Amino acid sequence: FVIRSKTGAVTSTKTLAKGKIFLPAIARSNFLIGIAWMEQIGGSTEVKGMISTDGGINFGEPVTFGTGSGVSLAASGNNVVAVWHNEASPGIMFSKYNGNTWSTASRIDNSSGTPLWASVAMDGDKIYVSWRDNRNGNYNIWLRRYENDRWEAEQNVTITQSGDPDICVVGTQV
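Keep in mind that what you see is a predicted model, and the values were worked out from it rather than measured.

## Here's the deal with the overall build of the chain
Turning to step 1, where the next piece is worked out: A count of helices and strands for the chain gives zero helices and 15 strands.
Turning to step 2, where the next piece is worked out: Against the globule reference of 16 Å for 174 residues, the chain gives a C-alpha radius of gyration of 16 Å, in line with a compact fold.
Turning to step 3, where the next piece is worked out: Principal-axis analysis of the C-alpha atoms places the extent of the chain at approximately 50 × 40 × 25 Å.
Turning to step 4, where the next piece is worked out: Residues counted as buried form 47% of the 174 residues belonging to the chain.
Turning to step 5, where the next piece is worked out: When contacts within the chain are restricted to residue pairs at least 6 apart in sequence, long-range pairs at least 24 apart make up 32% of them.
Turning to step 6, where the next piece is worked out: Accessible surface for the chain amounts to roughly 9200 Å². Of this, 48% is attributable to carbon and sulfur atoms.
Turning to step 7, where the next piece is worked out: Across the chain, 15 positive and 15 negative side-chain charges occur, with their mean positions spaced 4 Å apart.

See below:
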């Protein structure tokens, strides 16, 4: 990992991984930058991330969120959120950086199927997570919103076989 100045000069380097890195994600809110990736070490794939609070000049040490794949990040204000799917025990996982530390990862879906490829967006304190899920047979897109310090009920937002979702939000438009 290399950090470059605006003129292109290398200002610092940081060793991130001991294994193969893939599927990176990045999110930014003002000077807060979150970076996440998958790292394969032996037969395990870990979800890792790190934060810069000074616009990318310096980054903290990498944090391991858990195991899984398909990490997505979003940022707003002093918060960065990460979502991914846990492959060992199928589920959509969530962690939030609140300006100081990352929360313990928690499962946010209620699927009895195989939820995959989560995507996350933020607007202020509102968080929107979508993912692909086969709990009803075919893979459909599901959505869950976090608002007023609680997760609202999941919604199936497609009725036909669907691919991997991406989500964005501007104000009240999702």
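## Considerations on the sheet that holds strand β8 (residues 79-86)
Turning to step 1, where the next piece is worked out: In spatial order, the strands read β7-β8-β9-β10; together these four strands make up an open sheet with antiparallel pairing. The sheet is open, and its two borders are formed by β7 (69-76) and β10 (106-107), each paired with just one other strand.
Turning to step 2, where the next piece is worked out: The pairing of strand β9 (residues 91-97) with β10 spans two bridges and is classified as antiparallel. Each bridged residue has a counterpart across the sheet, and for F94 the counterpart in β10 is S106.

Conventions used here
Residue numbering note: each chain is counted from 1, following its sequence as written. pLDDT decides what is reported in this predicted model: residues at 70 or higher carry local features, side-chain atom pairs at 80 or more are listed and counted, and totals for whole chains, interfaces and linings draw on all residues regardless. As a rule here, side-chain values come from all non-hydrogen atoms in the structure, and water together with hydrogens is ignored. Helix and strand definitions follow DSSP, with helices as H or I runs of at least four residues and strands as E runs of at least two, each counted in order from the N terminus. Computation of the radius of gyration draws on C-alpha atoms, with the globule rule given as 2.2 Å multiplied by the number of residues to the power 0.38. Buried means the residue's accessible area, taken with a 1.4 Å probe over protein chains only, is under 20% of the maximum for its type, while exposed means over 50%, and partly exposed covers the values in between. Contact between two residues is taken to exist if any of their heavy atoms lie within 4.5 Å; hydrogens are not considered. Accessible surface area values rest on a Shrake-Rupley calculation with a 1.4 Å probe, where residue burial reflects the displayed protein chains alone. We score Asp and Glu as negative and Lys and Arg as positive, and we do not count His or the chain ends. Every charge is mapped onto a representative atom, which is NZ of Lys, CZ of Arg, CG of Asp or CD of Glu. By definition, two strands form a pair when at least two bridges between them are found by DSSP.

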